[in-house]
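Structure assessment
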Amino acid sequence: MRTILVNFSKNFLLILITITITVFFIEFLYSLYKISSFRYNKWSNDGRNVFDEYVKLKKNKENITVTTPPYFLLNKNELTTKVFPLSGISNIFTLDCNENGYFSSYYSDRYGFNNKDELWDQEIDLLLIGDSFTHGACVNYENTFAGNFNSQFKTLSLGYGGNAPLMELATIIEYINLINPKKVIWFFSEGNDLEGLMDEYKHPIFRDYLLKKNFTQNLPAKQSQVNKIQEKIVNMEFKKYERKKKKLFNFQDLSFKSILHLSNIKNLIRYRLKINFSNKEYINENTFNLFKQVIKKSNKIVKDNKSEFYFVLLPFYPGTFDKNSSRYKNYVNVVSLVENLDIKVIDLQKLWFDNSSDPKSFFPGRLHGHYTENGYKIATSIILEHIINNK
């Protein structure tokens with residue numbers, strides 16, 4: 001009997017070791033694939049690499065660029081500059097992204113945002129603050145939040161991809177006095193907005209926005225400098241694009257930490273099978289307290305401008321939001337914090353996704369990403385209903 005138990009233990013241990021090695025080997029192979037020219041060129045062949053479209057259009061359109069999210073600069077140590085942009089290049093045809101079967105594009109306004117430039121000379125009803133969703137990722141202007149809102153209210157959007165709350169506070173500080181909107185709508189992306197907050201706080205300029213009373217970079221007057229900085233970013237990213245297409249493996253992009261954490265396999269299981277293995281707090285106490293300071297200061301600035309403040313919670317991709325998870329508790333805490341500051345909350349998780357039998361239909365190809373044209377339209381109609389009825 002003892003021999004049988006010993007043999008069983010040995011065999012079980014061998015099977016366990018074999019499974020573990022196999023899982024890590026699959027993770028390693030997929031990580032190699034992600035840094036390979038095979039994957040990069042497949043992305044190009046699928047028509048989803050923005051620089052492929054850039055190269056194609058640049059043959060006949062000289063005044064063209066791609067979106068340049070300001071957060072890129074947080075990790076660009078080679079770009080030492082006293083000015084930190086919060087927008088892209090101004091007055092230029094700008095390519096964004098392809099999730100709906102076409103590359104979204106727009107002609108940027110005088111300050112490098114995705115707006116009709118003439119709106120800056122008009123009385124503005126709504127000012128939109130946020131990240132890529134607010135920027136209008138992967139749909140053309142008429143289908144963005146700003147485009148939809150402009151059917152009833154004069155609206156400017158100062159959102160940009162990758163923005164976290166400190167960049168959004170900074171955007172309010174830099175531009176609100178130019179606009180003097182009747183209402184400010186802060187779009188909060190429930191899935192990822194707080195993940196970049198601590199990275200922003202590490203940068204001295206963004207600490208100054210939060211901690212210094214009257215700090216400003218005076219960016220509207222420095223748009224020519226912003227353009228030069230962002231042009232350098234585009235050139236750097238284009239060179240990286242050319243290298244990735246030619247080099248078999250780009251090992252500088254390989255993350256052994258991600259391999260050890262089985263990040264690719266976990267993400268696949270999380271999004272496809274709706275299983276989340278992690279009980280990690282999405283917002284730790286330090287991050288939450290920092291967010292509290294940011295939203296308090298934003299609220300004061302908006303109220304001092306005699307504008308109404310709305311906080312819109314944008315729901316993330318379905319299947320990653322378990323009501324028993326710490327993430328759900330964090331979401332509840334964020335909503336509670338904002339409501340206690342007497343800011344009007346429009347919770348699209350409750351008003352939209354919880355009332356839909358198929359929320360994945362609001363994402364292109366039913367995959368994780370930004371909203372479809374119809375998704376932006378429905379979200380806009382719900383927000384407008386609450387604003388018009390002052391709920």
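Up top you'll find the structure we're talking about.
Residues numbered from 1 in each chain as written. Predicted model: local features only at pLDDT ≥ 70, side-chain atom pairs only at ≥ 80, totals over all residues. Heavy atoms only, no water.

**Regarding the packing of aromatic side chains**
- Inspection of the entire model under this criterion finds 27 aromatic pairs.
- A centroid spacing of 5.9 Å and a plane angle of 25° characterise the contact between Phe353 and Phe362, whose relative ring orientation is stacked. Phe362 carries the same exposure label as Phe353, and that label is buried.
- The rings of Phe133, Phe145, Phe149, Phe187, Trp352, Phe353, Phe362, Phe363, Tyr371 and Tyr376 are connected pair by pair, giving a single aromatic cluster.
- The cationic tip of Lys61 hangs over the ring face of Phe93; the distance from NZ or CZ to the ring centre is 4.5 Å. (Phe/Tyr/Trp six-rings, centres within 6.5 Å; stacked < 30°, edge-to-face > 60°. Buried < 20%, exposed > 50% of the residue type's maximum accessible area, 1.4 Å probe, protein only. Lys NZ or Arg CZ within 6 Å of the ring centre and 35° of its normal.)

**Focus on the state of the cysteines**
- Counting across every chain of the model gives 1 disulfide.
- Each sulfur in the disulfide pair Cys97 and Cys138 lies 2.0 Å from the other. Measuring the twist about the S-S bond at about -120°, one finds the Cys97-Cys138 disulfide to be left-handed. Taken together, the residues Cys97 in the loop between strand E2 (93-95) and strand E3 (105-107) and Cys138 in the loop between helix H4 (132-135) and helix H5 (145-149) connect sequence positions 41 residues apart. (Disulfide = S-S within 2.5 Å. Helix = DSSP H or I, 4+ residues; strand = E, 2+ residues; numbered from the N terminus.)

**What to know about helix H8 (residues 204-211)**
- Three or more residues of H8 are buried, namely Ile205, Phe206, Tyr209 and Leu210. Considered in projection along H8, the buried side chains sweep an arc of 140° and stay on one side of the axis.
- The elements touched by buried residues of H8 are helix H6 (165-179), helix H7 (197-201) and helix H12 (285-304). (Arc of directions from axis to C-beta. Contact = heavy atoms within 4.5 Å.)

**What about the sheet that holds strand E6 (residues 183-189)?**
- A sheet is described by the order of its strands in space; here 5 strands give the open sequence E5-E4-E6-E7-E8, paired in parallel fashion. With partners counted over all chains shown, the strands left at the sheet margins are strand E5 (155-157) and strand E8 (344-347), one partner each. Each neighbouring strand pair of the sheet contributes to a mean axis angle of 20°, computed without reference to strand direction.
- Inspection of the sheet shows strand E7 (residues 308-314) paired to E8 by 4 bridges, in the parallel sense. Within the sheet, the bridge partner assigned to Phe311 lies in E8 and is Val345.
- Contacting strand E4 (126-129), E5 and E6, H6 crosses the sheet at an angle of about 165° to E6. (Pairing = 2+ DSSP bridges. Axes fitted to C-alpha atoms, helices over the stretch in contact; angles between N-to-C directions.)

**Comments concerning the packing of H6 against H8**
- The contact between H6 and H8 brings their axes to 10 Å, and the two run at 65°. Judged by the twist between their axes, the crossing of H6 over H8 is left-handed. Of the residues in H8, those touching H6 at Leu166, Met167, Leu169, Ala170, Ile173 and Glu174 are Phe206, Tyr209 and Leu210. (Left-handed = near helix turned anticlockwise from the far one by under 90°.)

**Considerations on the pattern of salt bridges**
- Scanning the entire structure with this criterion turns up 12 salt bridges.
- In this structure, the salt-bridge partner of Arg110 is Asp121, at a minimum N-O distance of 2.9 Å. Taken together, the residues Arg110 in the loop between E3 and E4 and Asp121 in the loop between E3 and E4 connect sequence positions 11 residues apart.
- A residue is classified by how much of its surface remains accessible, and Asp121, at 59% relative accessible area, is exposed.
- Note that Arg366 is salt-bridged to Asp358, the shortest N-O span being 2.8 Å.
- What emerges from the salt-bridge pattern is a single network uniting Arg110, Asp117 and Asp121. (Salt bridge = Lys/Arg side-chain N within 4 Å of Asp/Glu carboxyl O.)

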